[in-house]
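# Coordinates in review
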Amino acid sequence: MVVFGARGDLAKRLLVPSLYNLAHAGLLDDKFHILGFDHGDCSEPEYRKQMGDFLKEMASDPNSEFGKAKIDAKTWKWLEERISYQRGDFEDPTSFTALAQRVEAIGGKGPSAVFYLAVAPRFFGDVADNLGKAGMAAEPRGGFRRLVVEKPFGADLASARSLNARLLKTFAEPQIYRIDHFLGKETVRNLMVTRFGNGVFEPLWNRLHVDSVQITAAETLGVEDRGGYYDSAGALRDMIPNHLFQLLALTAMEAPNSLDADAVRAERTRAIEAIKVPSAKEAKADGVRGQYQAGEAGGRKLIGYRASPKVDRKSRTETFAALKLYIDNWRWAGVPFYLRTGKAMSARDTEVAIRFKGAPHALFGGVTANTLVLQIQPDEGISLEFEAKEPGPEVVAQTVRMAFLYRDWFQHEPSTGYETLLYDCLTGDQTLFKRADEIEYAWRAVDPFLTAWKTGEPDMYHAGSDGPASAAALLKRDGWAWRPVGHD
């Protein structure tokens, strides 16, 4: 596995820890090797030490993505012996000629290889082009060559199409693994099992019984040290066409004919293709953007977004986005899908909430909606809200909740969420990776909102709140309200 951007945060915080977890589980071949490629000078012993020190640092932090209590010395020694480093320039073809020689020196003539682009998006095309020029994209007999591409995959429909076309000049579609780490989370993958493995849910999973769907991805962190990137991207580009649309697709898709990667990806893509592209008028009415001001979130005081490092003091970039979308197909016609994501909010919370239509007659004093909630983070699980009688002589209904938590039923090692995706990439399973057309359909659906937001100012909200008042108004006009962020 050649990791481009080997000294960056993604490699340190997620890739190397995930590969350590795979090694600890015995899931890596004995001939597996990591070759780090980056522009900085660094000796191999120094690079190995940096990765090991950071791994230990993450293990000592209970809030890190790694989640391990300690490092197993034997596992780390095994992996450390299989780590190399090479200095090179992402835009220099001669660096890739040297890289090709190094790959063969490590793996022998014509080894299988995975090229992981843990680099800034502006380098995606250059790295792919140079891999092709150096002859590293062509698959050897009996082996493979795969390209793993991180988000953001484009900044709008035009740039996504351009990037797809550029990558496909060098690599075939079955070689390209467009990664979205949300798809590696257990509850995200359990969405399909919940729907298609239980006879009690699937018959109700349609416009006849579902009133609306809410998808939330909230975090308490502010922009932190990512101001340079975030001010050019914003909440919509950063989260909605990728993470939230994946949750939408798994919620809305039809049952695949099998669990074959092509069958699953085809249904997921059809769901995103069916999202109604809003008109300019609809995009203005059905989209809300916000920007956080100073406040307290997650137990910490946060400065306002515009006061953050590397952020324009007059920035109009949104740190909160909410959309109302429809899916134009037989199953979901007329059912609104409400999506929201934001930084510096009241709680860390990612969930999909299916609100079912109320009973046809208010027999017990009011019509309430049963809600099925699939909690992605922080506590993975599923809950169902329904009505039950309060104890006592009077018949009084009250909303109660049944809950399932993964930690109560299953013992599993802490993970970063990348382990499954890396393993699938190594074994050639593209089920959890996105196709080119899936990405383009997603951008097609959000482009009108990007256009609508080129003018005007974002609505302000205080850090530690649930977003701007205009987001609440988006649902209120339909007779609904957002579920409180972090609702237990």
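These notes cover the structure that comes with them. As the structure is a prediction and not an experimental result, all values here were calculated from the model.

If you tally the helices and strands in the chain, you get 14 helices and 17 strands. Since a compact globule built from 488 residues should have a radius of gyration of about 23 Å, the 24 Å found for the chain is in line with a globular shape. The buried share of the chain, reckoned over its 488 residues, is 52%. By sequence separation, contacts in the chain at least 24 residues apart represent 77% of the contacts at least 6 residues apart. Surface summary for the chain: the accessible area is close to 22,000 Å², and the carbon and sulfur share equals 52%.

This next bit is on the layout of surface pockets. Taken as a whole, the second largest pocket holds about 530 Å³ of empty space. The wall of the second largest pocket is formed by 21 residues, among which Met1, Lys31, Phe32, His33 and Ser112 lie closest to the centre. Partitioned by chemical class, the residues of the lining of the second largest pocket number 15 nonpolar, four polar and two charged.

Take a probe with the size of a water molecule and roll it over the atoms, and the empty space left behind shows itself. Counted by the stated rule, this structure contains two cavities of 30 Å³ or more. Looking at the largest cavity, its volume works out to about 100 Å³. If you go around the largest cavity, the residues you meet are Val149, Glu150, Lys151, Phe153, Arg178, Ile179, Pro241, Asn242, Lys434, Ile439, Ala442 and Trp443. Put simply, the parts of the chain that give the lining of the largest cavity at least two residues each are α8 (227-252) and α13 (436-452). With three residues, α13 is the largest single contributor of residues to the lining of the largest cavity. For the lining of the largest cavity, the residue count by class is seven nonpolar, one polar and four charged. Volume-wise, the second largest cavity comes out at about 40 Å³.

Ordered in space as β3-β2-β1-β4-β5-β6, the six strands form an open sheet in which the pairing is parallel. A strand with exactly one partner marks an edge of an open sheet, and here the two such strands are β3 (83-87) and β6 (176-178). Taking the axes of each pair of neighbouring strands and ignoring which way they run, one obtains an average angle of 20° across the sheet. On the sheet, helix α2 (residues 44-59) packs against β2 (34-38) and β3 and is oriented at approximately 120° with respect to β3.

What follows deals with the environment of Lys31. Counting through the fold element by element, Lys31 comes out in the loop between α1 (9-24) and β2. When the C-alpha atoms of Lys31 and Ser415 are compared, they prove to be 23 Å apart, with 384 residues separating the residues in sequence.

Glancing now at the nonpolar core. Core analysis: the biggest nonpolar cluster contains 141 residues, and Phe4 and Phe245 have the highest contact counts within it. By residue number, the principal contributor to this core is α8, which donates 12 residues.

The next thing to look at is the packing of α1 against helix α12 (residues 419-427). Packed helices, taken two at a time, are described by the angle their axes make and the gap between the axes. Look at α1 against α12: their axes get within 9 Å of each other, and the N-to-C directions meet at 75°. Between α1 and α12, the angle falls in the class roughly perpendicular. Across the interface between the two elements, Leu15, Ser18, Leu19, Asn21 and Leu22 from α1 touch Glu419, Leu422 and Tyr423 from α12. Its residues assigned to classes, the contact of α1 with α12 comprises five nonpolar, two polar and one charged.

What follows deals with the packing of α8 against helix α9 (residues 261-273). Axis separation between α8 and α9 bottoms out at 8 Å; the angle between their running directions is 105°. Taken together, the axis directions place α8 and α9 in an arrangement best described as roughly perpendicular. Judged by residue contacts, Phe245, Gln246, Ala249, Leu250 and Ala252 of α8 engage Arg268, Ala271 and Ile272 from α9. In terms of residue class, the contact of α8 with α9 is built from six nonpolar, one polar and one charged.

As a further point, take the environment of Arg102. Within the secondary structure, Arg102 is located in helix α4 (residues 93-107). Sequence separation between Arg102 and Gln86 is 16 residues, and the spatial gap between their C-alpha atoms is 8.5 Å. Setting aside chain neighbours within four positions, we find Arg102 in contact with Leu35, Glu44, Ser84, Tyr85 and Gln86.

Its location among the elements puts Thr75 in helix α3 (residues 73-80). Classification of Thr75 as buried rests on a relative accessible area of 9%. A polar side-chain atom of Thr75 sits 2.6 Å from a polar atom in the side chain of Asp72. The residues contacting Thr75, other than those within four sequence positions of it, are Tyr20, Ala23 and His24.

This part covers the pattern of salt bridges. Evaluated as defined, the whole model comprises 30 salt bridges. For Arg166, the salt bridge goes to Asp129, with nearest N and O atoms at 2.7 Å. Remark: Asp129 occurs in helix α5 (residues 124-133) and Arg166 occurs in helix α6 (residues 157-168); sequence separation between them is 37 residues. We note a salt bridge from Glu202 to Arg195, for which the minimum N-O separation is 3.5 Å. One salt-bridge network, in which partners are shared between bridges, spans Asp30, Lys77, Glu81 and Arg82.

To continue, consider the packing of aromatic side chains. Applying the stated criterion across every chain yields a total of 19 aromatic pairs. Seen from their ring centres, Tyr292 and Tyr461 are 6.5 Å apart, and the 65° between their planes marks the pair as edge-to-face. With Tyr292 in strand β8 (residues 287-293) and Tyr461 in strand β17 (residues 459-462), this residue pair connects regions lying 169 residues apart in the sequence. Comparing Tyr292 with Tyr461, the two get one shared label, buried. Grouped by ring-pair contacts, the aromatic residues Phe4, Phe37, Phe90, Phe96, Phe115 and Phe123 constitute a single cluster.

What follows deals with the pairing of strand β15 (residues 381-389). On a regular strand, one side chain projects to one face of the sheet and the next to the other, so that they alternate. Inspection of the sheet shows strand β14 (residues 371-377) paired to β15 by five bridges, in the antiparallel sense. Each bridged residue has a counterpart across the sheet, and for Gln375 the counterpart in β15 is Gly381. Linking β14 to β15, which pair antiparallel, is a turn of three residues. As judged from the nine bridges shared by β15 and strand β16 (residues 397-405), these two strands associate in the antiparallel manner. From the neighbouring strand, Ile382 faces β16, where its bridge partner is Phe404.

What counts, and where the lines are drawn
Residues numbered from 1 in each chain as written. Predicted model: local features only at pLDDT ≥ 70, side-chain atom pairs only at ≥ 80, totals over all residues. Heavy atoms only, no water. Helix = DSSP H or I, 4+ residues; strand = E, 2+ residues; numbered from the N terminus. Rg over C-alpha atoms; globule rule 2.2 N^0.38 Å. Buried < 20%, exposed > 50% of the residue type's maximum accessible area, 1.4 Å probe, protein only. Contact = heavy atoms within 4.5 Å. Areas by Shrake-Rupley, 256 points an atom, 1.4 Å probe, with all protein chains shown as cover. 1 Å grid on protein atoms, 1.4 Å probe; cavity = no way out; pocket = protein on both sides within 12 Å on 5 of 7 lines; lining within 4 Å. Points joined across faces, edges and corners; volume = space filled by probe spheres on them. Nonpolar A, V, L, I, M, F, W, Y, C, P; charged D, E, K, R; others polar. Pairing = 2+ DSSP bridges. Axes fitted to C-alpha atoms, helices over the stretch in contact; angles between N-to-C directions. Core = buried A, V, L, I, M, F, W, Y, C linked by side-chain atoms within 4.5 Å. Parallel < 35°, antiparallel > 145°, perpendicular 65-115°, else oblique. Polar contact = N/O pair within 3.5 Å; in protein donor to acceptor, adjacent residues only side chain to side chain. Salt bridge = Lys/Arg side-chain N within 4 Å of Asp/Glu carboxyl O. Phe/Tyr/Trp six-rings, centres within 6.5 Å; stacked < 30°, edge-to-face > 60°.

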